[in-house]
Amino acid sequence: MMGLPKGGWLRWRAYGGHLGAIVAALAVPTAAIAAPPMSFDIPAGSLGDALIAFARQSGRQILFAPTQVRGLRAPRVRGAHDPDRALARLLARTGFRVRATPGGAWLLEAVPVASAARRPSLPQADLAPADVAQNADIVVVGTPGGGRRRQEAAFAVTSVSRSAIDRLGAASTADVLKLVPGLTVETSGGKNGANIFVRGYPSGGDAEYVTFQTEGVPFFPPATLSFLENSQLYRIDETVQRVEALRGGTSALLASGQPGATVNVIQREGGDHLAGEINGSMIDTGEVRTDAYVAGPLDQDTRFLIGGYASRGTGIRSPRFAADRGGQITANLRRNFASGSVLLFARYLDDRSQWLLPIPVVQSGRRITAYPGFDAGSGTLAGPDTRTGIRNDGSRYDLDDGRGARIVNIGTNIELRLGSGVMLRDKASWLSGHADTTGLVSENIAPKSAAAYAASLGGGIASLVTTADGRTVSPDQAVVRAGIWTVAKRIDARVNDATLEWKTGPSKATVGVYAADYGARDHWDIGNALLLTAQPNARRLGLTLTNGDIVSRDGFASGSSFLVDARYRGSDLAFYAVEELMVADRLRLDGGIRHQRHAVDGWAVDTKPPGPGGPDGNPATLYDNDDVVFTGTQTPVRYRGGAWSWTLGTNYDVTRTLAGFVRFSHGNSFPFFDNLRDGISVAPRVDTIEGGVKLSTQSLNLYATLYRNRFKGLATTVITSGAPLASIGGARATGVELDGLWRPVAPLSVTFSGSWLDARYRGFFTDDGRTDLSGNRVQRQPQWQWRITPAWDFAVATRKASLFMTLSRMGDRWSDVQNRQLLPAFVKWDAGAALDVNDRLRVQLSADNLTDTIGLTEGNPRTLGAQATGAIFARPILGRSVELSARYRF
């Protein structure tokens, strides 16, 4: 483990050294300690009932699907028995055995046919973590251990399976989260740079209250930084087995302690046989992508996987150059031994895509239509003429750089059984690389004629030409302004989460230590407005007024309006403890506490206006009069704080198929780097009470959750007029989340999810505290949203085939905290079909946004208050596209 900088209250070096010594000392396999006899009274009957009784009486968790054991019987087991032998007796002559999962639970599996006659049905010492990864009913996120059936979880969690990911055809990591109720996900900004909102938490964008993990460990601890939301640091490809998303619940207690949502990306792992896939896909816009992986055994106790993807294309909003391109390679290796297992994983990501910003559209009340000559589904201002240029300060930009990441991520999961019921786990991650953004950002001037624009500057047009070739442009030409924004981030992070678990009888206690060190080196250049024709792939304009004022230089109508040159270093140290207790056969309680210390040190270079007339001293050159420059002095950034979090929950099994839970949690977040640089040091605090019902039958799986949140000390910031504007205060939210799967008849299934939310600001002030927004709805989050996906699975000449479609609705939202920019509700329709050509080859055809719906996900965040009726700037969802893919398994 790598060390933190010297000094400060957090001594990672000492901590990491001690922990490393412990782990090294315990990595040698230890002899299994026989479990003491326990008293059992399990009547003869169905195997399913017997296994449930065994789990309750032994305190061990048995993971199995009811369909696995339907029709099987188990003998009576009564008296004092070794738990292993009692379980072996229940499973005798059933054709099943159990294997230990990484979390210490037991997973039921069929005895291989070739060895069924000679291998007893005894619990095996070797681990089978890949078996857990294949079981969609088991969730890892939100548990201090290594797995629990979703039906038994006392929190709201959704597991998105590999098959659901394939049918969704997700272009970005954030797209997968559209299947999770309680989250509002906007991916209209491109494959990187999504906005993800959680349960009414006030936020201006990015993914401020969403923690992303891989294999249970956060890869970059800050949930968000300005121009960096963590889904862009991980791309979904064929190496991913499933994605789990926890809302609220135990999020405030475990890992980084983020109280909003925790998303865990779980990788595939190698099995007993060599296997793999190659998947090639092409979108009708010309984008091509290839995914592949291969996985299998290296020896009896070692499994490996390696895979990734590569893609290239212009994107649906084509700038007429290959703005979307990149790839990712992932590898993992797991070694099982008598007393535990070690997982090593590594990932390299180099991916970028065009950052999509608001474009001209026409709004009349709730009706949204395309701006003349500008396709709302495929148009973009970016193009060959705006791709490169030189700003007023002499620096060069290239829109081809787009938004994305180039990072390396390496991690480990170590699990060691120290004796009967005692488990040590250590999860670590190291990340380093770049997360940069270059985009063409629309300003707050709606499209207007060049003559009207000149008049707003106090003159008429003396000369108006395209800068690339000097051609004269008509004064009636509609024009807009859009800025060249570049944000360069060099990031790194080291994370370690170590826990010690002790199970005895009905109790499971866990204590943990979480430590993280992370940093960012930022260079921002915001503003740099280009004067452009209001058309797709816009042209730069040179404008001179009749009074002699020069409006633009090489298309630039302004220079830098907001500059950042800063370095930050953050560190966290947290201690937490969790107790899970089976109070009765059907009742389980859990509770825990966490204390976390947060420290930030850094600096930011000061800026100032250049003086009268701008850097060149000439007031007639309007394009640089308001430029901002660095002073050369620095302002320190420093924060020290700590907070307690806690949670208490209970789960009650009404029947084998019906359960309910109730939970209260108190969580904290800490100010991130950008807020501290802007002088905002408020620390968010969130109280949540929630309850849910879970129903799991042969024909219906239903999960419903009711929650109420109370927020204090929250801050949201938007950049308007070239500088950040902060809104600070609180909010309250009440919501209902619903998701599930209905199988009315054998070939037909219906997957559904939806939410209702009433989230309003309370004591929430903007405009430097002069405007109270209490009572306004929280921005960018609708009251109603839902999606429903019916699927029909059938056979074509003995080959499997399926048809599926999705209807989704996004309700009315407000783009701004003032509730002046309405984003009207819209409905989107997607569809697809798949066919197994043979046992190895599967083809799929998917269509996204079949009806070419114009649905807005963002107004113009650079504008305060309402935009006028007619031509406005807004960001619509992507237009219709069709994707063809072919998957070959071996």
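Residues numbered from 1 in each chain as written. Predicted model: local features only at pLDDT ≥ 70, side-chain atom pairs only at ≥ 80, totals over all residues. Heavy atoms only, no water.

Draft legend 1. Examining the overall build of the protein chain more closely. Broken down by element type, the protein chain carries nine helices and 55 strands. Taken across its 890 residues, the protein chain has 58% of its residues classed as buried. Look at the contacts in the protein chain between residues 6 or more apart in sequence, and 70% of them connect residues 24 or more apart. As displayed, the protein chain offers around 33400 Å² of accessible surface, 58% of which is attributable to carbon and sulfur atoms. (Helix = DSSP H or I, 4+ residues; strand = E, 2+ residues; numbered from the N terminus. Buried < 20%, exposed > 50% of the residue type's maximum accessible area, 1.4 Å probe, protein only. Contact = heavy atoms within 4.5 Å. Areas by Shrake-Rupley, 256 points an atom, 1.4 Å probe, with all protein chains shown as cover.)

Draft legend 2. Local environment of the sheet that holds strand β53 (residues 856-858). Sheet architecture is open: four strands sit in the order β26-β25-β54-β53, paired in antiparallel fashion. In this open sheet, the two strands that pair with only one neighbour each are β26 (367-370) and β53. Within the sheet, the average angular offset between the axes of one strand and its neighbour, ignoring direction, is 60°. In the sheet, β53 pairs with strand β54 (residues 870-876) via two bridges, with the strands oriented antiparallel. Looking at β54, one finds that Leu856 is bridged to Pro876. (Pairing = 2+ DSSP bridges. Axes fitted to C-alpha atoms, helices over the stretch in contact; angles between N-to-C directions.)

Draft legend 3. Quick look at the sheet that holds strand β11 (residues 156-160). One open sheet accounts for five strands, arranged β11-β18-β19-β14-β15; its pairing is mixed. Only two strands of the sheet have a single neighbouring strand rather than two, namely β11 and β15 (217-218). Bridge analysis of strand β14 (residues 210-214) against strand β19 (residues 261-267) gives five bridges, and the strand direction is parallel. In the sheet register, Gln213 faces β19, and the bridge partner there is Asn264.

Draft legend 4. Summary view of the environment of Thr187. Summarising the element assignment, Thr187 is placed in the loop between β12 (183-186) and β13 (195-198). Sequence separation between Thr187 and Ala174 is 13 residues, and the spatial gap between their C-alpha atoms is 6.9 Å. A distance of 2.9 Å separates the side chain of Thr187 from the side chain of Asp175, its partner in a polar contact. (Polar contact = N/O pair within 3.5 Å; in protein donor to acceptor, adjacent residues only side chain to side chain.)

Draft legend 5. Fine view of the packing of helix α2 (residues 47-58) against helix α4 (residues 83-91). It is the contact of α2 with α4, at a shortest axis distance of 10 Å, that shows an interaxial angle of 170°. In terms of orientation, α2 and α4 fall into the roughly antiparallel class. Listed contacts from α4 to Leu47, Ala50, Leu51 and Phe54 of α2 are Pro83, Ala86, Leu87, Leu90 and Leu91. For the contact of α2 with α4, the class distribution of residues is nine nonpolar, no polar and no charged. (Parallel < 35°, antiparallel > 145°, perpendicular 65-115°, else oblique. Nonpolar A, V, L, I, M, F, W, Y, C, P; charged D, E, K, R; others polar.)

Draft legend 6. Examining the pairing of strand β38 (residues 560-582) more closely. Alignment of strand β35 (residues 507-527) against β38, held across 21 bridges, turns out to be antiparallel. Bridge assignment links Ala509 to a residue of β38, and that residue is Glu579. Judged from the 17 bridges that link them, β38 and strand β39 (residues 587-608) form a sheet pairing that is antiparallel. Counted as the bridge partner of Gly570 is Val600 from β39.

Draft legend 7. Structural context of the pattern of salt bridges. Taken as a whole and judged by the stated rule, the model has 60 salt bridges. Residues Glu186 and Arg813 are paired through a salt bridge, measuring 2.7 Å at the closest nitrogen-oxygen approach. With Glu186 in strand β12 and Arg813 in strand β49 (residues 813-814), the pair connects residues that are 627 residues apart, well separated along the chain. Of the two residues, Glu186 and Arg813, neither departs from the other in class, the shared state being buried. For Lys489, the salt bridge goes to Asp522, with nearest N and O atoms at 2.8 Å. Residue Lys489 is located in strand β34 (residues 478-504), and its partner Asp522 is located in strand β35; the two are separated by 33 residues in the primary sequence. Among the charged side chains, a salt-bridge network with shared partners connects Arg162, Asp166, Glu238, Arg268, Glu277, Arg887 and Arg889. (Salt bridge = Lys/Arg side-chain N within 4 Å of Asp/Glu carboxyl O.)

Draft legend 8. Quick peek at α4. Along α4, the residues classified as buried are Pro83, Ala86, Leu87, Ala88, Leu90 and Leu91. Measuring from the backbone nitrogen of Asp84 back to the side-chain oxygen at the start of α4 gives 2.9 Å, which picks out Asp82 as the cap. Just downstream of α4, Arg93 is the residue with a positive phi angle, here 65°.

Draft legend 9. Quick look at the packing of aromatic side chains. A full pass over the atoms with the stated rule returns 13 aromatic pairs. Through a chain of ring-to-ring contacts, three or more aromatic side chains come together here, namely Phe227, Trp355, Trp485, Trp524 and Phe562. The ring of Tyr309 carries the charged tip of Arg289 above its face, separated from the ring centre by 4.0 Å. Of note, Arg347 hangs over the ring of Phe219, and the distance from its end group to the ring centre comes to 5.5 Å. (Phe/Tyr/Trp six-rings, centres within 6.5 Å; stacked < 30°, edge-to-face > 60°. Lys NZ or Arg CZ within 6 Å of the ring centre and 35° of its normal.)

Draft legend 10. Region of interest: the nonpolar core. In this structure, Leu177, Ile196, Phe220, Leu233, Val243 and Ile491 are the most contacted members of the largest nonpolar core, which totals 85 residues. Top element by residues in this core is β38. It accounts for seven residues. Discounting chain neighbours no more than four positions away, the residues touching Val243 are Thr158, Ser159, Val160, Ile165, Val176, Leu177, Ile236, Val263 and Asn264. In this structure, Leu399, Ala478, Leu532 and Leu823 belong to the second largest nonpolar core, which totals 27 residues. (Core = buried A, V, L, I, M, F, W, Y, C linked by side-chain atoms within 4.5 Å.)

Draft legend 11. Looking closely at the environment of Leu91. Among the secondary structure elements, Leu91 is positioned in helix α4. A C-alpha to C-alpha distance of 9.0 Å links Leu91 and Arg73, two positions 18 residues apart in sequence.

Draft legend 12. Up close: the side chain of Arg403. Relative to the helices and strands, Arg403 is located in strand β29 (residues 403-419). For Arg403, a relative accessible area of 2% corresponds to the buried category. A polar atom in the side chain of Arg403 sits 3.1 Å from the backbone oxygen of Phe227.

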